[in-house]
Amino acid sequence: MGLLSQQYDDGNIVLTSVEGVLNWARLCSLWQMSFGLACCAIEMMAASASHNDIMRFGVLPRPSPRQCDVMIVAGTVTLKMATRVKRLYEQMAEPRYVVSMGSCSNCGGPYWEHGYHVLKGVDRVVPVDVYIPGCPPRPEALLEGWMRLQEKVRDFTIVKEK
Amino acid sequence: MGKTHEEICTYLSELFPDAGLEYDDAVPCINVPPALIREIALQVRDDAELAFDTLMCLSGVDFGDGTLGVVYHLDSMSLRQKLTLKVTIPVAEACVPTVERVWRIAEWHEREAYDLVGIVFQGHGDLRRILLPEDWEGHPLRKDYQVQEFYNGMKVPY
């Protein structure tokens, strides 16, 4: 049921639930942590640029994990970086979400067998909400993943278990 | 254009008659005994006939037959000539004198060779790992390297 469907005639009053309006506000302003790890970050930047314009979803890149809702893990997670990724995740305020972008952060990608230094999937250190396949995924794939995340946020319950 | 490897080898052999320098035809290079690498490096840098002012690359190698190697690719900007020096050492005594003070760029190259192949450069001022984390175990580009099961609680194999 859409937010504006229970609208009164004069247009100034809308009936909804607290949860509905909170989740709607939240999913329309998911701020991302601005960091990229490898070539997937180039596609992530392309998604932010004017042609794809991920900002129309309310996505703002923020330089501090304290101000972020979503961490896009865009690229190869080395074991050296994994400890940093985990710490950044822990520094984010809840509710927080993780988008795993590309084969490397999904499962190790091309480094799955001989990458002695690569973490075989970022879900070994942080919980992942959306996995985006591709090597690297096109910006459209990131937008699709973002909309999946928004659907997830829309169903978030604060008051009671559904 | 400048001297060939063979000419340089003959020239250096006259200066260092006891060094036992060998010219290797397969890939043009000069085999240098490890103990003399620093002296030879200073000579080829400062000799007006050679003037190798630039260290283009310093590589650590595991040949897989129980020996390790360090390969020095040198370039002379002024005389437009190139030179490759090679040092071979047994795995058990993976120790080579540093050329950090001869070409300053060697500092990071030697740290990389130490990090990945495990060659210790004697006299290096700051021989730490450069790419891998400091608490890493082993040297991954060794042929007998085994991937560790866990690193800091994270499972490593797929």
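**Q** Help me understand the pairing of strand S3 (residues 70–74) of chain A in this model?
**A** Residues and elements named next belong to chain A. Extensive coverage of S3 is indicated by the burial of five of its five residues. A two-sided burial pattern is seen for S3, the buried positions comprising Val 70, Ile 72 and Ala 74 on one face and Met 71 and Val 73 on the other. In this structure, S3 lies alongside strand S4 (residues 97–101), joined through five bridges in parallel fashion. Considered in S4, the bridge of Ile 72 is made with Val 99. Once the chain exits S3 it traverses helix H3 (residues 79–91) before rejoining the sheet at S4, and the crossover so formed is right-handed.

**Q** Explain the sheet that holds strand S1 (residues 22–24) of chain B to me, please; I cannot follow it from the model alone.
**A** The strands making up a sheet associate through hydrogen bonds between their backbones, and the pairing can be parallel or antiparallel. Residue and element names in this part refer to chain B. Strands sit in the order S1-S2-S5-S4-S3 across an open sheet of five strands; the sheet is mixed. Only two strands of the sheet have a single neighbouring strand rather than two, namely S1 and strand S3 (54–62). If you compare each strand with its neighbour and ignore which way they point, the axes differ by 25 degrees on average. Along the sheet, helix H3 (residues 106–117) contacts S3 and strand S4 (67–76); its crossing angle with S3, the most-contacted strand, is approximately 10 degrees.

**Q** Can you walk me through the packing of aromatic side chains in this structure?
**A** Two measures describe an aromatic ring pair: the distance that separates the ring centres and the angle between the ring planes. This structure, assessed with the given rule, holds four aromatic pairs over all chains. Each ring, one from Tyr116(A) and one from Trp136(B), has its centre 6.2 Å from the other, and the planes form 70 degrees; the classification is edge-to-face. Here Tyr116(A) is found in the loop between helix H4 (103–107) and strand S5 (130–132), whereas its partner Trp136(B) is found in the loop between strand S7 (120–122) and strand S8 (150–151) on a different chain. In this structure Tyr116(A) comes out as buried when scored by relative accessible area, which is 16%. On the basis of relative accessibility, which here comes to 5%, the residue Trp136(B) falls in the buried class. A cation over an aromatic ring shows up here: Arg96(A) above the ring of Tyr89(A), its NZ or CZ 4.3 Å from the ring centre.

**Q** So what exactly am I meant to see when it comes to the interface of chain A and chain B here?
**A** A common way to state how big an interface is: give the accessible area lost once the parts meet. With 13 residues of chain A at the interface, the matching set in chain B holds 16 residues. Roughly 1200 Å² is buried in total at the junction of chain A and chain B, and carbon and sulfur atoms are behind 72% of that figure. For the chain A face of the interface with chain B, the top three residues by lost area are Leu79(A), Lys80(A) and Tyr116(A), together amounting to 53%. Between chain A and chain B we count zero salt bridges in total. Our enumeration of links across chain A and chain B arrives at four residue pairs in polar contact (both at pLDDT 80 or more). Considered class by class, the residues forming the side of chain A that touches chain B number eight nonpolar, two polar and three charged.

**Q** I'm lost on the pattern of salt bridges in this one. Help?
**A** Considering all chains together, one arrives at 14 salt bridges over all chains under this definition. Across the pair Arg96(A) and Glu94(A) runs a salt bridge whose closest N-O atoms are separated by 3.6 Å. For Arg96(A), a relative accessible area of 21% corresponds to the partly exposed category. For Asp75(B), the salt bridge identified is with Lys82(B), shortest N-O distance 3.5 Å. Residue Asp75(B) is classed as buried on the basis of its relative accessible area, which comes to 11%. Taken together, the shared-partner salt bridges connect Arg111(B), Asp126(B), Arg128(B) and Glu134(B) into one network.

**Q** Hey, could you run me through helix H1 (residues 5–15) of chain B in this one?
**A** What sets the pattern is the α-helix's 3.6 residues per turn: residues three or four places apart point alike. All names here are of chain B. All of the buried residues in H1 are His 5, Ile 8, Cys 9 and Leu 12. Each buried residue of H1 sits inside an arc of 100 degrees when the element is viewed along its axis, so together they form one side. For H1, the secondary structure elements touched by its buried residues are S1, strand S2 (29–31), helix H2 (37–46) and strand S5 (81–90).

**Q** I'm lost on the pairing of S4(A) in this one. Help?
**A** Remark: a regular strand shows side chains that alternate across the two faces of the sheet. Residues and elements named next belong to chain A. Of all five residues that make up S4, five are buried, and the element is covered over most of its length. Across three bridges, the pairing between S4 and S5 is parallel. Counted as the bridge partner of Val 99 is Val 130 from S5.

**Q** What is the right way to look at the nonpolar core in this model?
**A** Burial of nonpolar side chains together is a common tendency in soluble globular proteins. The biggest cluster of nonpolar side chains holds 60 residues, and the ones touching the most others in it are Met71(A) and Tyr72(B). If we skip the residues at most four places from it in the chain, Tyr72(B) touches Ile37(B), Leu55(B), Cys57(B), Leu58(B), Leu83(B), Thr84(B), Leu85(B), Val87(B), Val96(B), Pro97(B) and Val99(B). Formed by 22 residues, the second largest nonpolar core is a distinct cluster that contains Ile54(A), Val59(A), Ala74(A) and Trp146(A).

About the thresholds
Residues numbered from 1 in each chain as written. Chains lettered and ligands numbered in written order. Predicted model: local features only at pLDDT ≥ 70, side-chain atom pairs only at ≥ 80, totals over all residues. Heavy atoms only, no water. Buried < 20%, exposed > 50% of the residue type's maximum accessible area, 1.4 Å probe, protein only. Helix = DSSP H or I, 4+ residues; strand = E, 2+ residues; numbered from the N terminus. Pairing = 2+ DSSP bridges. Right-handed = clockwise from strand over helix to strand, strands pointing away. Axes fitted to C-alpha atoms, helices over the stretch in contact; angles between N-to-C directions. Contact = heavy atoms within 4.5 Å. Phe/Tyr/Trp six-rings, centres within 6.5 Å; stacked < 30°, edge-to-face > 60°. Lys NZ or Arg CZ within 6 Å of the ring centre and 35° of its normal. Buried area = accessible area lost by both parts, 1.4 Å probe. Salt bridge = Lys/Arg side-chain N within 4 Å of Asp/Glu carboxyl O. Polar contact = N/O pair within 3.5 Å; in protein donor to acceptor, adjacent residues only side chain to side chain. Nonpolar A, V, L, I, M, F, W, Y, C, P; charged D, E, K, R; others polar. Arc of directions from axis to C-beta. Core = buried A, V, L, I, M, F, W, Y, C linked by side-chain atoms within 4.5 Å.

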